[in-house]
Amino acid sequence: MAYSLEEINLRTVSDPEGLIRDADERYAASVRTAAQMIADNRTKSPIVLLSGPSGSGKTTTSRKVSEALNAMGIGTHYVGLDDYFNTVTPETVPRTPEGEMDLESPLCLDMELLNTHFDMLSEGKRIFVPKYEFSRRMRIQEPSKSIKLKKDEVVIFEGIHALNDMITARHTDAFKLYISASSDVEFHGEVVFKRTWFRLVRRTVRDYLFRGSSPAETMAMWANVRRGEKLYISPFKNKADFQFDSSFAYEVPVMNEVAVKLFREIPEGIERFDELKEFLPALLLFGEIDEKLVDRDAMIREFIGGGIYD
């Protein structure tokens, strides 16, 4: 689908609460649909695989889906696939064609252990989920948690590589969920704000507010992030049993004031600066909405803070 810039700007001024309410309800309806489909599939497999590119809202969405399942009497467990990363060593880490470390590659995951754990869970056995320490790029000895599924319980494995063939080919009955911001913004039939830019705004604002990264650093990483998405994530999205659009009509107006300030600080000459020259004027097409109007349980709070899932 595509949003209308005219409608967004009109409602930003005349009915911001209604714009937010309608977008949040659309998202909530998708959560309910996904939860019902997972519930229907649980007799085939207790495994849920949730994938999507960076900045798509995977973490909050997995929690929302878990809440919906819990309300149906279905217990849930959550596992981040990041804990299945292998310890990074120069000898074993995947490499790009240029010889650089390819930390976006699915080969960074311990696929053998992951697939073994899927089999064990399906057989009612207990698993000990590993624990990965990103600061040292290594797996530590202490597990992060243990899981043994009871009747009417499922486990959600969330990560960018969850739908990769190396996983799904061996676990065909697992429920597969893909999430991304997948709507453009149009004006008179022309795309004026690309769907990938929703995620760029989210990442830049979040990384600045909570991860200590400058907008220039985020923009510099964006090229490699997009390369990894095109190679390792997008090609597998059509394997999903349900595709989830996580874009919100109101999110750019909510983040616009801080986003414009941050992107104006990026110096000329940085990688993908040509994209920035196109992107920044597009941001200026939107008005502004006070973030105080956004509910504390809204998915967008994952990127602007102040949410109940922080």
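Preceding this paragraph is the structure being described.
What you are looking at is a predicted structure, and each value in this text was computed from that prediction instead of being measured.

A. The overall build of the protein chain, seen in detail. The secondary structure content of the protein chain amounts to ten helices and ten strands. In terms of overall dimensions, the protein chain is globule-like: its C-alpha atoms have a radius of gyration of 20 Å, near the 19 Å expected for 310 residues. Taking the principal axes of its C-alpha atoms as reference, the protein chain extends roughly 55 × 50 × 35 Å. Every one of the 310 residues in the protein chain was classed for burial, and the buried ones make up 52%. Restricting to contacts in the protein chain with at least 6 residues of sequence separation, those with at least 24 account for 77%.

B. Highlighting the sheet that holds strand β10 (residues 242-245). One open sheet accounts for five strands, arranged β3-β6-β2-β7-β10; its pairing is parallel. Whereas interior strands pair on both sides, the edge strands pair on one side only; in this sheet they are β3 (75-80) and β10. Pairs of neighbouring strands in the sheet enclose a mean axial angle of 20°, with direction left out of account. Two strands pair when backbone bridges link them, and strand β2 (residues 47-51) and strand β7 (residues 175-180) are joined in this way by four bridges, in the parallel orientation. Residue Val48 lies in a different strand from β7, and its bridge partner there is Phe175.

C. Structural view of the environment of Ala34. Looking at where Ala34 falls in the secondary structure, it is placed in helix α2 (residues 16-41). Separated by 118 residues in the primary sequence, Ala34 and Asp152 place their C-alpha atoms 16 Å from one another. With near-sequence residues (within four places) excluded, Ala34 lies in contact with Val65, Phe175, Leu177 and Phe242.

D. Local environment of the packing of helix α6 (residues 195-210) against helix α8 (residues 251-264). Where α6 meets α8, the axes come as close as 10 Å, and the angle between the chain directions of the two elements is 65°. The handedness of the crossing between α6 and α8 comes out as left-handed. In this structure, α6 contributes Phe198, Leu200, Val201, Arg202, Thr204, Val205 and Tyr208 to the contact, and α8 contributes Glu251, Val252, Met255, Val258, Ala259, Lys261, Leu262 and Phe263. A breakdown of the residues in the contact of α6 with α8 according to their chemical character gives eleven nonpolar, one polar and three charged.

E. Molecular detail of the environment of Lys148. Position of Lys148 relative to the elements: it lies in the loop between β5 (138-147) and β6 (153-158). Residue classification places Lys148 among the partly exposed positions, given a relative accessible area of 43%. Distance in space between the C-alpha atoms of Lys148 and Asp274 is 51 Å, their sequence separation being 126 residues.

F. Expanded view of the environment of Tyr208. Mapped onto the secondary structure, Tyr208 falls in helix α6. On the basis of relative accessibility, which here comes to 38%, the residue Tyr208 falls in the partly exposed class. In this structure, the C-alpha to C-alpha distance between Tyr208 and Thr218, residues ten residues apart in sequence, is 8.6 Å. Not counting the four nearest positions on each side in its chain, Tyr208 is found in contact with Ser213, Pro215, Lys261 and Leu262.

G. The arrangement of the nonpolar core in detail. Phe193, Val201, Tyr250, Phe263, Phe279 and Leu283 are the most contacted members of the largest nonpolar core, which totals 62 residues. Among the elements that take part in this core, α2 stands out by supplying nine residues, more than any other. Ignoring anything within four residues of it in the chain, the contact list for Phe193 reads Asp184, Val185, Phe198, Val201, Val252, Phe279, Ala282, Leu283 and Phe286. By size, the runner-up hydrophobic cluster in this structure holds 28 residues, among which are Cys108, Leu109, Val129 and Ile167.

H. Spotlight on the pairing of strand β9 (residues 190-193). The sheet contact formed by strand β8 (residues 184-187) and β9 spans three bridges and is antiparallel. Among the inter-strand pairings, Val185 is bridged to a residue of β9, identified as Phe193. Between the antiparallel neighbours β8 and β9 lie two residues, among them His188 with a positive phi of about 55°.

I. Up close: the sheet that holds strand β1 (residues 2-4). In space, the three strands of this open sheet follow the order β1-β8-β9, with mixed pairing throughout. Each end of this open sheet is capped by a strand with a single partner; those strands are β1 and β9. When strand polarity is set aside, the average angle formed by the axes of neighbouring strands in this sheet is 50°.

J. Quick peek at the pattern of salt bridges. The final tally for this structure, using the stated rule, is 23 salt bridges. Among the salt bridges present, the one from Asp297 reaches Lys64, with a minimum N-O distance of 3.5 Å. On the criterion of sequence distance, the pair formed by Asp297 in the loop between α9 (273-283) and α10 (301-304) and Lys64 in helix α3 (residues 58-71) is long-range, its members being 233 residues apart. On the accessibility criterion, Lys64 (13% relative accessible area) is buried. Note that Arg301 and Glu291 form a salt bridge whose closest N and O atoms lie 3.1 Å from each other. In this pair, Arg301 is assigned in helix α10 and Glu291 in the loop between α9 and α10, connecting sequence segments ten residues apart. The class for Arg301 is buried, based on a relative accessible area of 7%.

About the thresholds
Residues numbered from 1 in each chain as written. Predicted model: local features only at pLDDT ≥ 70, side-chain atom pairs only at ≥ 80, totals over all residues. Heavy atoms only, no water. Helix = DSSP H or I, 4+ residues; strand = E, 2+ residues; numbered from the N terminus. Rg over C-alpha atoms; globule rule 2.2 N^0.38 Å. Buried < 20%, exposed > 50% of the residue type's maximum accessible area, 1.4 Å probe, protein only. Contact = heavy atoms within 4.5 Å. Pairing = 2+ DSSP bridges. Axes fitted to C-alpha atoms, helices over the stretch in contact; angles between N-to-C directions. Left-handed = near helix turned anticlockwise from the far one by under 90°. Nonpolar A, V, L, I, M, F, W, Y, C, P; charged D, E, K, R; others polar. Core = buried A, V, L, I, M, F, W, Y, C linked by side-chain atoms within 4.5 Å. Salt bridge = Lys/Arg side-chain N within 4 Å of Asp/Glu carboxyl O.

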